[in-house]
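Next come the chains, spelled out residue by residue.
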Amino acid sequence: MASGRSSGDGGDGDESPAMRRLRRISLHLLDPSLTPTDAEPEALALAACAAGPRRVQGGAEVSASLAAYLRGRHRETQARVFEFFRGRPDLQTPVEMSTAAHRDLCFRQLRALVRDAGVRPLSLMADDPSEYFAVMEAAGGVDISLGVKFGVQYSLWGGSIINLGTKKHRDKFFEGIDNLDIPGCFAMTELHHGSNVQALQTTATFDPVADEFIINTPNDGAIKWWIGNAAVHGKYATVFARLILPLQGKGGTPADMGIHAFIVPIRNLETHVVLPGIEINDCGHKIGLNGVDNGALRFRSVRIPRDNLLNRFGDVSRDGKYTSSLPTINKRFAATLGELVGGRVGIAYSSVGILKVAVTIATRYALLRQQFGPPKQPEISVLDYQSHQHKLMPMLASSYAFHFATIYLVDKYSEMKKTNDEDVIADVHVLSSGLKAYITSYTAKSISICRESCGGHGYAAVNRFGALRNDHDIFQTFEGDNTVLLQQVAGDLLKQYQEKFTRNLKLEVK
Ligand SMILES: Cc1cc2nc3c(=O)[nH]c(=O)nc-3n(C[C@H](O)[C@H](O)[C@H](O)COP(=O)(O)OP(=O)(O)OC[C@H]3O[C@@H](n4cnc5c(N)ncnc54)[C@H](O)[C@@H]3O)c2cc1C
């Protein structure tokens, strides 16, 4: 570290860097409340953390204006969410509870947020995605299960209707999803296929006589698995399946048009009884996120109207003809998955929210916690130890960096939704994949370091690190496994490099 000190100050001009460091450490240990002198200019003064927390003069104002700056234009929205839950002790998540009770509470929390606090998440998502993500972050701050349940209902189930459907679907479902009359699921993953979505095996075969699709699970490996909202609360599911047109392949064989999304009712809207042909099983107690009811869905030749195909990128006419503005299965698949990128944006954004919570708890504790100190003097705050600063400060700095990075991502996403510009779509895809993978891996590791930074007290469930760590862990896997996402980013960067290289070569040849 550059000291900025002249060699004639009677201090460490003749010292080696190692000796200088040792001397500083010993000063630190002997007199932590050292005030700046000529020999130790202000820039090097030790932080006055020791002997109990002391507020820097004007600190409250600084932190209030910093908080206002960070929260940006959605500060009040987030404050309203926190205020609402603070005023509702009946909705606070206790430290210990059964899976069933947690699921029930999580649904009540979401319903209260929508019906009592008057938040309309799907409208926010359609009108102002950045406000939508701000509410989701705040909900996750209350209980990560609530943030994820919110994401399942609105980013996934609602998002599939808005982004993959057309006007008829929005007219029919928008209000019911928004006000939570119609809790729903996003049923993509199967027992045998998670990352490799193109290999899904569930089929949707068109029956031109009845003008219906028949949704079928052909084998155990094709059972939809891990589906949020399926075990208890969901009424509908957006089911991803291979669209099969009978007799339209070569030589009158069935034609496989690739993966499409279909709206499938799974429970009776009034009685909540599971509908005929649908089999639902519970994925059971998980290592985290137990407020979310993940389930498995099996379809036994379930018939749905032709209109239930989410037909933005491909449609089937009454006489069974397939039409699409996109020429190939691969292009349709890319467009379909591209539209679902909002879920990934939400995960990256929420992961930063969780990192902020963990780092805040650990840093505040480090300021309060005192261990060791100079002889016959008060013990000093653990935040004064350089090793502790090395643990916490990079995470604190990263929280700021990730905060601004995800705000940029959300702005880009909003721009993409408004303009549908192809370059912006490509940017959002690669940026969301890279940031989601990097941030969620970083947060997962950081929560453990934060727990450790609080010593034994970090292990008490009431201090939240266990729940934060376990609930957040799966952020590294869902909405795209991190390894697979990073491969996509690498692939995209190589493609860009290749394009640039080819362009330069062409210029040279000319
Ligand atoms: C709590 C929870 C909630 C979920 N909610 C939903 C939901 O609501 N709807 C839904 O559809 N799904 C949901 N999922 C499923 C989730 O999206 C999948 O688990 C995820 O996509 C990963 O798929 P997988 O589990 O099959 O893992 P796999 O793809 O089998 O991955 C297993 C391992 O193999 C590695 N791997 C895979 N492919 C490659 C490769 N090409 N190169 C190198 N390594 C590779 C991965 O990195 C990983 O470590 C949920 C899952 C959980 C646990």
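Before reading on, note that the structure itself is shown above.
Here is what the cut-offs are and how they apply
- Residues numbered from 1 in each chain as written.
- Predicted model: local features only at pLDDT ≥ 70, side-chain atom pairs only at ≥ 80, totals over all residues.
- Heavy atoms only, no water.
- Near = heavy atom within 4 Å.
- Polar contact = N/O pair within 3.5 Å; in protein donor to acceptor, adjacent residues only side chain to side chain.
- Areas by Shrake-Rupley, 256 points an atom, 1.4 Å probe, with all protein chains shown as cover.
- Helix = DSSP H or I, 4+ residues; strand = E, 2+ residues; numbered from the N terminus.
- Nonpolar A, V, L, I, M, F, W, Y, C, P; charged D, E, K, R; others polar.
- Pairing = 2+ DSSP bridges.
- Axes fitted to C-alpha atoms, helices over the stretch in contact; angles between N-to-C directions.
- Contact = heavy atoms within 4.5 Å.
- Buried < 20%, exposed > 50% of the residue type's maximum accessible area, 1.4 Å probe, protein only.
- Phe/Tyr/Trp six-rings, centres within 6.5 Å; stacked < 30°, edge-to-face > 60°.
- Parallel < 35°, antiparallel > 145°, perpendicular 65-115°, else oblique.
- Left-handed = near helix turned anticlockwise from the far one by under 90°.
- Salt bridge = Lys/Arg side-chain N within 4 Å of Asp/Glu carboxyl O.
- Expected span 1.5 Å × (residues − 1).

## Quick word on the site of the ligand
Step number 1: In the neighbourhood of the ligand, 17 residues make up the surrounding shell, with F186, T189, S195, W226 and D481 lying closest.
Step number 2: One of the backbone N or O atoms of G194 is found 3.2 Å from an oxygen atom in the ligand.
Step number 3: Look at the ligand: alone it shows 970 Å² of surface, and the protein chains cover 64% of it.
Step number 4: Listed by contribution, the elements that provide at least two residues to the shell around the ligand are strand 4 (224-228) and helix 14 (482-509).
Step number 5: Taken together, the residues that form the shell around the ligand break down as seven nonpolar, eight polar and two charged.

## Here's the deal with the sheet that holds strand 4
Pairing between the strands of a sheet comes from backbone hydrogen bonds, and it takes one of two forms, parallel or antiparallel.
Step number 1: The strand order across the open sheet built from three strands is 4-8-7, with neighbouring strands paired in antiparallel fashion. Each of the sheet's edge strands pairs with one partner strand only, and the pair in question is strand 4 and strand 7 (278-282). Pairwise comparison of adjacent strand axes, ignoring direction, gives a mean angle of 35° for this sheet.
Step number 2: Where strand 4 lies against strand 8 (residues 294-299), three bridges are found, and the strand directions are antiparallel. Looking across to strand 8, one finds that K224 is bridged to L297.

## Details of the environment of T323
Step number 1: Residue placement: T323 occurs in strand 11 (residues 322-323).
Step number 2: With sequence-adjacent residues up to four places away left out, T323 is seen in contact with G314 and D315.

## Concerning the environment of R312
Step number 1: Following the sequence through the fold, R312 ends up in the loop between strand 9 (302-305) and strand 10 (315-316).
Step number 2: Ignoring any residue separated from it by four or fewer positions in sequence, one finds R312 in contact with N163, L164, G165, T166, E339 and N420.
Step number 3: Polar side-chain contacts of R312 include one of 3.4 Å to the side chain of E339.

## Focus: the side chain of N308
Step number 1: Note that N308 resides in the loop between strand 9 and strand 10.
Step number 2: On the basis of relative accessibility, which here comes to 8%, the residue N308 falls in the buried class.
Step number 3: Not counting residues up to four positions away in its chain, the partners in contact with N308 are H169, A261, F262, I263 and P265.

## Some details on the packing of aromatic side chains
Step number 1: All told, the structure shown has 17 aromatic pairs when counted by the stated rule.
Step number 2: Judged by centre distance (5.8 Å) and plane angle (65°), the ring pair of F133 and Y413 falls under edge-to-face. Here F133 is found in helix 6 (residues 129-142), whereas its partner Y413 is found in helix 11 (residues 386-419), with 280 residues between them in sequence. A single burial state applies to F133 and to Y413, both of which are buried.

## Digging into the packing of helix 3 (residues 75-86) against helix 4 (residues 99-115)
Step number 1: Contact pair helix 3 / helix 4: the axes reach a minimum separation of 11 Å and the direction vectors enclose 120°. Comparing the axis directions of helix 3 and helix 4 gives the class oblique. Helix 3 and helix 4 meet at a crossing whose hand is right-handed. Residue-level inspection shows V81, F84 and F85 of helix 3 in contact with helix 4, the latter providing Q109, A112 and L113.

## What about the pattern of salt bridges?
Two side chains bearing opposite charge may form a pair once their charged atoms approach each other closely.
Step number 1: Scanning the entire structure with this criterion turns up 22 salt bridges.
Step number 2: Residues R115 and D181 are paired through a salt bridge, measuring 3.0 Å at the closest nitrogen-oxygen approach. Note that R115 is positioned in helix 4 and D181 in the loop between helix 8 (167-178) and strand 1 (184-187), a separation of 66 residues in sequence.
Step number 3: Residue class for D181 comes out partly exposed when judged on its relative accessible area of 47%.
Step number 4: Here E212 makes a salt bridge to R303, at a shortest N to O gap of 2.9 Å. Separated by 91 residues along the polypeptide, E212 in strand 3 (residues 212-216) and R303 in strand 9 bring together distant segments of the chain.
Step number 5: According to the relative accessible area criterion, E212 is partly exposed, its value standing at 23%.

## Description of helix 12 (residues 422-453)
Step number 1: Its 32 residues give helix 12 an end-to-end C-alpha distance of 45 Å, which sits within 8% of 46 Å, the value for a rise of 1.5 Å per residue.
Step number 2: A distance of 2.8 Å separates the backbone nitrogen of D423 from a side-chain oxygen at the start of helix 12, and that oxygen is part of D421.
Step number 3: Two residues or fewer after helix 12 comes G455, characterised by a positive phi angle close to 60°.

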